[in-house]
Amino acid sequence: MVQKQQCGNSLPLLLFHRRSLNLKGNDNSEALPESIPSAPGTLPHFMEEPDDAYIIKSNPIVLRCKAMPAMQIFFKCNGEWVHQNEHVSEESMDETTGLKVREVFINVTRQQVEDFHGPEDYWCQCVAWSHLGTSKSRKASVRIAYLRKNFEQDPQGKEVPIEGMIVLHCRPPEGVPAAEVEWLKNEEPIDSNLDENIDTRADHNLIIRQARLSDSGNYTCMAANIVAKRRSMSATVVVYVNGGWSSWTEWSNCNARCGRGWQKRSRTCTNPAPLNGGAFCEGMSVQKITCTSLCPVDGSWEVWSEWSVCSPECEHLRVRECIAPPPRNGGKYCEGVSQESENCTEGLCIQDIETASDIALYSGLGAAVIAVAVLVVGVTLYRRSQSEYGVDVIDSSALTGGFQTFNFKTVRQGNSLLLNSSMQPDLTVSRTYSGPICLQDPMDKELMTESSLFNPLSDIKVKVQSSFMVSLGVTERGEYHGKVHSGTFPHGNNRAFGTIQARNKATYIQNLSSISTTSELKTTAIFGHLGGRLVVPNTGVSLLIPHGAIPEESSWEIYLAITQKESSLQPEGPDVLLGPEVTCGPSEVAVSTPFALTIPHCAQVNSEHWNIHLKKRTQQGKWEEVMSVEEETTSCYCLLDPYACHILLNSFGTYALIGEPISDCAVRQLKVAVFGCLSCNSLDYNLRVYCMDNTPYAFQEVVSDERLQGGQLLEEPKLLHFKGNTFSLQISVLDIPPFLWRIKPFTACQEVPFSRVWCSSPKPLHCAFSLERYSPATTQLACKVCVRQVKGHEQILQIQTSILENERETITFFAHDDSNFPAQMGPKAFKIPYSIRQRICATFDTPNAKGKDWQMLAQKNSINRNLSYFATQSSPSAVILDLWEARHQHDGDLDSLACALEEIGRTHSKISDITETEVEEPDFNYSRQNGL
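Residues numbered from 1 in each chain as written. Predicted model: local features only at pLDDT ≥ 70, side-chain atom pairs only at ≥ 80, totals over all residues. Heavy atoms only, no water.

Comments concerning the nonpolar core
So, step 1. Residues Leu543, Leu560, Leu687, Leu729, Ile731, Phe769 and Val787 are the most contacted members of the largest nonpolar core, which totals 72 residues.
So, step 2. Leave out the neighbours within four places in its chain, and Leu543 touches Gly532, Arg533, Leu534, Ile558, Leu560, Cys584, Phe595, Ala596, Leu597 and Phe652.
So, step 3. Among the nonpolar cores identified, the runner-up in size contains 30 residues, and Cys841, Ala878, Leu894 and Leu897 belong to it. (Core = buried A, V, L, I, M, F, W, Y, C linked by side-chain atoms within 4.5 Å. Buried < 20%, exposed > 50% of the residue type's maximum accessible area, 1.4 Å probe, protein only. Contact = heavy atoms within 4.5 Å.)

Here you go:
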């Protein structure tokens, strides 16, 4: 039976005992009451002692004590007895031993602890009495619990390579009791028992022995005790992977079946691929080597042997072998027979002639052969006698129309050939002709049988007008139709001119008279920190100096020039100069960021057929190779567009593009233009056909020369694809109207050897033809000029013009209006406003978990090669935008750039919307109004 009671009943005994102690003169306050002599027993044994406790906020704590056998139990705190009124006791009987069990409770408040000032913590102790004496319990300390807010050390973010060690330090806030630390990754607790790679036991620190990609994340240190929990600042851990090259692929097969070609092998930066801002692979991703394939040799017969002795069968034999040369390397065996036999008695063998009728038959056949030969000789002599009239029987219209008169109507209206029936051509007057002889290859069967020189063109429809209608003075026009050849003009960022059908674009039309005839193609301007652009007008050559490339508070007079004299660069073998030789300087200028040099070229871009090199002239006048366009390098960068090459450089100098054909399919693009003018003789008219590189500079040079000679462009120039297959070029004048114009027979065609065409750069190739009018009344000329490569591409130019200057229709061509602004400085030279450019660079230069964003920016702008060059720049995005400025100097298509940014997903609004307010700035608006 348990009895609860206050300790007041024992107070007289306790007071009596204290009094008796005082009577003895003992002042020790810790003196305990003497044991009460009674029945024998044991000393008190504590069944429960007071525990250490913490006061949380203002809540008091309860200390308890339990002993057996115990007559009384009291608490003593900090050396002083606790008043008996503050005790709560419970009494019971142990059923096993029958001894008395007493349990006592006291409360300790926050105020009591705070008021105590001593060398140690606030403590309390139990003292229990029995018949035999007293026992003391352990001391229990009482402290006020707390946890400060600020961590003594927060964990710091890190970027570590894969398999590196990660150590995150954490020192929790001061607190009582001491805080326990727990780590969170992405708000999820970390259990080091489940992952042997993670250790959280060492001084509250988090240790990851070998970093894995999965260890990337946000880490937080959590400190907690019985009072509160505290969170540290999050630390971002990025585990990055540096790129590594994969193994090289096997060498490809030689791309040329015969002769010199190339082989290549490649590797990718995927072993591993760079992740989380890791470094891109260094070195080349593609390697090329030259190779030589054995050409197949077809077999050929040796000469026939001597005839054998006549056999009794009246036959003799001769033989030959296929050994001159024998077939090898897969070549074809000789065609034909290796043995031949014939009658050796000229048909008089008795065994073969059975009747006299056979003799008569053979005699008749011989006489017929002689008669046919005589007839052929007679016809030939007759035709030669007819040639004195000066009629060009080679002309297809003469062959199909006889001596009837032709009238033509072409696509252009108002330029018909007017005939005067009262004036007949005088065929008795001697004429003087000038022009080269057409040298035709007898082995070219296609030229001899199917050439447009000898057969009317299939796409021409001629309506013949009778001589009776001419005699009546009827001048109804005949019908003349021709196919329109599409695709003869270059289209793209660097096209020098467009088609005649687009003449409504008046702002881009430029007549030949506007072409400069100056002998020096050079542009200069003073540039400073804001940068700018230099352009050599009408040549396609430009120089872009980025903002910040030149140091602040300094300026330079920078020039851009094209070498017009004979170039000191002499290509070797089949190599060709693909564009003008360009000089920019001065050479002592040092730039902090690469500048962009644009050089036009005439190659049809295809890495399987061309190996294009960039060369630079040294101070000693020698040329050294800077790089190959396909090469991976960090010194400079070349971006090859269809009609121009954009080069990022760090030093000024003289540069040129050299093309090395590595197959017969390498195409050099030639522009074909026809000019005409009257000669000193009023009846003669000269046609000059030019085949030049398809670059604006080459065309300007031709136009300048023609202006000095009084020449007029007769037809829109066309593009000819000239292959490096060693076949020659043929230029011919076709379908000259008979009885109005004439050209000396066999002089209407000129053939130019392959080497002269292929290595003609930089000077253009031209051929001249002289035509003569029968009468001064003829003022209109209609004919065709055919330019073709044997077994290659062909272009036909329809000529329809008046030989009188006041009646002549002006042929226009389209050019970028850059002659008015050869130099632009500051913001007006750039299409992207500087504020927008800064925001783009700040966005895309920052790495994220998906990789470096500038790589995606490059990919969206079709820059997929040699990315290691941009990785070495301080701001890869700025260099990519400089390259964009160089490529879009004429169109400035900001909408396409905005679409590229939106596809990446890093922009939230179109850049075109943003720049609508920006382009209202005076400088940028000024450049847009002038067509740049």
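A few points about the sheet that holds strand 13 (residues 166–168)
Hydrogen bonds between backbone atoms are what pair the strands of a sheet, whose relative direction is either parallel or antiparallel.
So, step 1. An order of 13-18-17 is seen for the three strands of this open sheet, with the pairing classed as antiparallel. Each end of this open sheet is capped by a strand with a single partner; those strands are strand 13 and strand 17 (198–199).
So, step 2. Where strand 17 lies against strand 18 (residues 206–208), two bridges are found, and the strand directions are antiparallel. Among the inter-strand pairings, Asp199 is bridged to a residue of strand 18, identified as Ile207. (Pairing = 2+ DSSP bridges. Helix = DSSP H or I, 4+ residues; strand = E, 2+ residues; numbered from the N terminus.)

Quick look at the environment of Trp245
So, step 1. Here Trp245 is to be found in the loop between strand 21 (235–240) and strand 22 (259–266).
So, step 2. Placed 37 residues apart in sequence, Trp245 and Glu282 show a C-alpha to C-alpha distance of 8.6 Å.
So, step 3. In contact with Trp245, other than residues within four places in its own chain, are Arg267, Thr268, Cys269, Asn271, Cys281, Glu282, Gly283, Met284 and Ser285.
So, step 4. Engagement of the side chain of Trp245 in a polar contact is seen with the backbone oxygen of Glu282, the distance being 2.7 Å. (Polar contact = N/O pair within 3.5 Å; in protein donor to acceptor, adjacent residues only side chain to side chain.)

With respect to the packing of helix 10 (residues 853–860) against helix 12 (residues 876–887)
So, step 1. Taken N-terminus to C-terminus, the directions of helix 10 and helix 12 make an angle of 10 degrees; their axes are 9 Å apart at the nearest point. Viewed along their axes, helix 10 and helix 12 adopt a mutual orientation that is roughly parallel. The chirality of how helix 10 crosses helix 12 is left-handed. Each of Trp854, Leu857 and Ala858 in helix 10 lies in contact with helix 12, whose residues at this interface are Pro876, Ser877 and Ile880.
So, step 2. Of the residues assigned to the contact of helix 10 with helix 12, the class counts are five nonpolar, one polar and no charged. (Axes fitted to C-alpha atoms, helices over the stretch in contact; angles between N-to-C directions. Parallel < 35°, antiparallel > 145°, perpendicular 65-115°, else oblique. Left-handed = near helix turned anticlockwise from the far one by under 90°. Nonpolar A, V, L, I, M, F, W, Y, C, P; charged D, E, K, R; others polar.)

Some thoughts on the packing of aromatic side chains
So, step 1. Inspection of every chain in the model, using the stated rule, returns 15 aromatic pairs.
So, step 2. An angle of 80 degrees between the planes, with centres 6.4 Å apart, marks the rings of Trp301 and Tyr333 as edge-to-face. Here the residue Trp301 occupies a position in the loop between strand 23 (286–293) and strand 24 (315–319), and Tyr333 occupies one in the loop between strand 24 and strand 25 (339–343), the gap between them amounting to 32 residues.
So, step 3. Considering the side-chain rings of Phe675 and Tyr690, the 5.6 Å spacing of their centres and the 90 degrees angle between planes classify their relative orientation as edge-to-face. Here Tyr690 lies in strand 40 (residues 684–693) and Phe675 lies in strand 39 (residues 667–678), a separation of 15 residues in the sequence. Of the two residues examined, Phe675 and Tyr690, each falls in the buried class.
So, step 4. Here the aromatic cluster, defined as three or more aromatic residues joined through ring pairs, consists of Trp610, Phe722, Phe754 and Trp758. (Phe/Tyr/Trp six-rings, centres within 6.5 Å; stacked < 30°, edge-to-face > 60°.)

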